[in-house]
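Residue-level listing of the chains:
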Amino acid sequence: MSIFLLPPPVWAQDIATAGSQGLLPRVPDWLEIWLHGAARGIEFVGVAVIVLGAVAATLHYLWRLLRSGSSTVVYDAFRASLGRAILLGLEFLVAADIIGTVAVDPTLENLGVLAVIVLIRTFLSFSLEVEIQGRWPWQQVPGQKAGPKPPERNA
């Protein structure tokens, strides 16, 4: 018994080679350089936001700890400030990844890597948001009624 393998159709060959070739026509060199630089610049901003936010949150924590002496409330505020800095930095890093992957080198392999990176960073962002807020995003804020807020009337 022998199995005859037919060559794959043209569209299947295109899909199979799409990972090694760009999905879009090649961009001009000057635009690729500019987009690569923009992605690196946004990455730098993201890292700077995380580092500066961590330093500022730590200094603010130490200052408040020396003034009040109560570590529990100050510590919770420190964690929230640090979490916000990390969240904002992650947003910049995701934006840089999107620009670097989709605009500069849009291959199927790079898009798959981007999808995994975005999923991981989204999970981290979600986890940090839960940690900062102390509740799930769909849970009601304590002391707030469910439903839309009624419009204010001018007197």
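This one's a predicted model, so the numbers in the text were calculated from it and none came from an experiment.

A. Highlighting the overall build of the protein chain. Secondary structure assignment for the protein chain yields four helices and zero strands. Its helices and strands in sequence order give the protein chain the pattern α-α-α-α, from N to C terminus. Taking all 155 residues of the protein chain together, the buried fraction comes to 18%. Nonlocal contacts in the protein chain, meaning residues at least 24 apart in sequence, comprise 72% of its contacts between residues at least 6 apart.

B. Representation of the pattern of salt bridges within the structure. For the coordinates displayed, the defined rule picks out two salt bridges. Between E43 and R40 there is a salt bridge whose closest N-O contact spans 2.4 Å. With E43 and R40 both in helix α2 (residues 29-68) and three residues apart, the pair spans about one turn of that helix. In this structure E43 comes out as partly exposed when scored by relative accessible area, which is 22%.

C. Examining the environment of A38 more closely. Looking at where A38 falls in the secondary structure, it is placed in helix α2. A38 sits 62 residues away from G100 along the chain, and the two C-alpha atoms are 8.4 Å apart.

D. Highlighting empty space enclosed by the protein. Counting across every chain of the model gives one cavity of 30 Å³ or more. Taken as a whole, the largest cavity holds about 40 Å³ of empty space. Residue lining of the largest cavity: H60, Y61, R64, V74, A77, F78 and S81, and that is the complete set. The element best represented in the lining of the largest cavity is helix α3 (residues 71-104), accounting for four residues. Partitioning the lining of the largest cavity into residue classes produces four nonpolar, two polar and one charged.

E. Region of interest: helix α4 (residues 108-133). Here α4 spans 37 Å end to end across 26 residues, near enough to the 38 Å set by a 1.5 Å rise per residue. Those residues of α4 not exposed but buried are L114, S125, L128 and I132. Looking one or two residues past α4, G134 carries a phi angle of roughly 75°, positive in sign.

Parameters and conventions
Residues numbered from 1 in each chain as written. Predicted model: local features only at pLDDT ≥ 70, side-chain atom pairs only at ≥ 80, totals over all residues. Heavy atoms only, no water. Helix = DSSP H or I, 4+ residues; strand = E, 2+ residues; numbered from the N terminus. Buried < 20%, exposed > 50% of the residue type's maximum accessible area, 1.4 Å probe, protein only. Contact = heavy atoms within 4.5 Å. Salt bridge = Lys/Arg side-chain N within 4 Å of Asp/Glu carboxyl O. 1 Å grid on protein atoms, 1.4 Å probe; cavity = no way out; pocket = protein on both sides within 12 Å on 5 of 7 lines; lining within 4 Å. Points joined across faces, edges and corners; volume = space filled by probe spheres on them. Nonpolar A, V, L, I, M, F, W, Y, C, P; charged D, E, K, R; others polar. Expected span 1.5 Å × (residues − 1).

Spatial relationships are all this shows, so hold off on functional conclusions.
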